[in-house]
Amino acid sequence: LVVAVPLLALPAASAQAQGDGPRVYQIVPAGTHVVSVYGLFTRGNQSADPGLVVEAGSVAVDVAVVQYVHPVTLGSRVGGAFVVLPLGEVTGTLPILGRELSGSSSWVGDMQLGWVQNVVGPPPLTGKDYATRKPGFTFGVLGKLLTPTGAYSPDKVINLGGNRWALQLGTPITWYLGRSFVDPKLTTFELLPSVTFYTRNADPNGADTFEQEPIFRLEGHVTRNLNKALWLSLDATWVYGGETTTDGVENDNAQRALMLGGTANFTFSRSTSLKVTYGEVVKRNDGGPDGHMFRVIGTVVF
C-alpha cells in the first residue's frame, strides 16, 4: 500500500513550509490501515483558509487532526482512501482598510477526503516479499477534496473554515535507494508536484464575492535511515500563484515562496511511530506566505 498520511488542506496551507511531509506516500505492506493523530502549530501571515495569505497579518493556527487511511487495491496496484478531520482554533490580527482587526474561530475545521493510487512500482507486497523486495522507483496519482464543512461566519475576519471547496491534484514520485523497504540504511528522494483549485467564496467578510487562482506547489524531501528506529529528512516546498480577486477586482497578490525545514521520525515498534517537523519560510515576494510551523504526528498501523 502507498501510505497516504497527507495533511489536510487547511493546516497544509497554513504550514506550507512542509506541505504533506516526507515519506507520506511510502510503500507499506498491502492491507495496512493507518490511523494518525497530530498537532499543528503555525505562526505567520497565512489564514486558516487554505492558500490564503494576508499581507502583514499575524495569525496563529493551533489544530489537532485525526486521520484514517483505508487500503484499496485497484487492478495490480495498491492505493488508499483517506478522511481527515481537524479541530482547533485560529486567532490573529489582520490589517484591513487601514485598521487592525482582531478575531478568532474555533471548533471543527473543513473535512478532507482523498485518494492516492500507485501507478508505477511494485505489486501488493506482504511478509517476506515486502522485507526482501528492492524498492526502486514509484509514481502515483493523488487527489484531495477539501469540503466547506468547518466553522465559518461572514461576520468574522478570521475563520477556521474556508466556506469554499478546494481540489488538489498531484503526482507523488519516489526513488528508493536500499536493499528493501526495511533496509536500516534506506535513503529516499521524493518529489510531489501539485496544483490546487479553489471555488468562489460567495459570502466573504466585507465583500460580495472572493475568488482565487490555482496555486502550484513543488514539494521535495531527501530522507535517510540512521537505524531501524530513526530516520531524518531535509524538506523543501516552493509555491507559486494564488492571486485573489475581490468583487471582480484583481488584488495583484500572486504568491512566490520557498520554505525549508527538517523532520525526525522515531519508530517505537512495528505498529507505532512519532514524527516531528519544523519548517519556515526563507524567501518570498510581498504576496507570499511567511512564518514558521511545528508539527508532531503519532501514527498507528494495523
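Residues numbered from 1 in each chain as written. Predicted model: local features only at pLDDT ≥ 70, side-chain atom pairs only at ≥ 80, totals over all residues. Heavy atoms only, no water.

A. Expanded view of unusual backbone geometry. We note that tryptophan 107 has phi near 105 degrees; this positive angle belongs to a residue other than glycine. Within the secondary structure, tryptophan 107 is located in strand β4 (residues 99-108). Here the phi dihedral of aspartate 247 falls at roughly 50 degrees; this positive angle occurs in a residue that is not glycine. Its location among the elements puts aspartate 247 in the loop between β13 (244-246) and β14 (249-250). Of the residues examined, aspartate 247 reaches a relative accessible area of 39% and is grouped as partly exposed. (Helix = DSSP H or I, 4+ residues; strand = E, 2+ residues; numbered from the N terminus. Buried < 20%, exposed > 50% of the residue type's maximum accessible area, 1.4 Å probe, protein only.)

B. Region of interest: the packing of aromatic side chains. Taken as a whole, this structure holds five aromatic pairs when the rule is applied. Taking 5.9 Å as the distance between ring centres and 5 degrees as the angle between the ring planes, the aromatic pair formed by tryptophan 238 and tyrosine 240 counts as stacked. By relative accessible area, tryptophan 238 is classed as partly exposed at 40%. Sitting above the plane of the tryptophan 231 ring, arginine 23 keeps its charged end 4.7 Å from the centroid. (Phe/Tyr/Trp six-rings, centres within 6.5 Å; stacked < 30°, edge-to-face > 60°. Lys NZ or Arg CZ within 6 Å of the ring centre and 35° of its normal.)

C. Local environment of the sheet that holds β14. An order of β10-β13-β14 is seen for the three strands of this open sheet, with the pairing classed as antiparallel. Looking along the sheet, the strands with just one partner apiece sit at the ends: β10 (210-212) and β14. (Pairing = 2+ DSSP bridges.)

D. A look at the pairing of strand β3 (residues 77-96). Pairing of strand β2 (residues 58-74) with β3, which is carried by 17 bridges, proceeds in the antiparallel orientation. Following the sheet pairing, tyrosine 68 is matched in β3 by valine 83. A loop of two residues connects β2 with β3, the two strands running antiparallel in sequence, and glycine 75 in this loop sits at a positive phi of about 65 degrees. Relative to strand β5 (residues 112-120), β3 runs antiparallel, the two being bridged by six bridges. Within β5, the position partnered with valine 83 by the bridge is leucine 113. Bridge count between β3 and β4: ten bridges; the pairing is antiparallel. If you follow threonine 91 over to β4, its bridge partner there is serine 104. The antiparallel hairpin formed by β3 and β4 contains two residues in its connecting segment, where leucine 97 sits at a positive phi of about 50 degrees.

E. Summary view of the confidence of the model for the protein chain. When pLDDT is averaged across the protein chain, the result is 90; 94% of the residues are at 70 or more. Across residues 1-17, where pLDDT falls below 50, the model places 93 contacts with residues more than four positions away in sequence or in other chains. (pLDDT = per-residue confidence, 0-100. Contact = heavy atoms within 4.5 Å.)

F. Just the nonpolar core, in detail. Grouped together as the largest cluster of nonpolar side chains are 21 residues, with contacts concentrated most on Tyr25, Val90 and Leu142. Of all the secondary-structure elements, those providing two or more residues to this core are β1 (34-44), β2 and β3. If one sorts the elements of this core by residue count, β2 sits on top with five residues. Setting aside its immediate chain neighbours within four residues, valine 90 contacts Ala48, Val59, Ala60, Val61, Gly103, Ser104, Ser105, Ile158, Asn159 and Leu160. Counting eight residues, the second-largest nonpolar core is a separate cluster that includes Ala166, Ile215, Val239 and Ala257. (Core = buried A, V, L, I, M, F, W, Y, C linked by side-chain atoms within 4.5 Å.)

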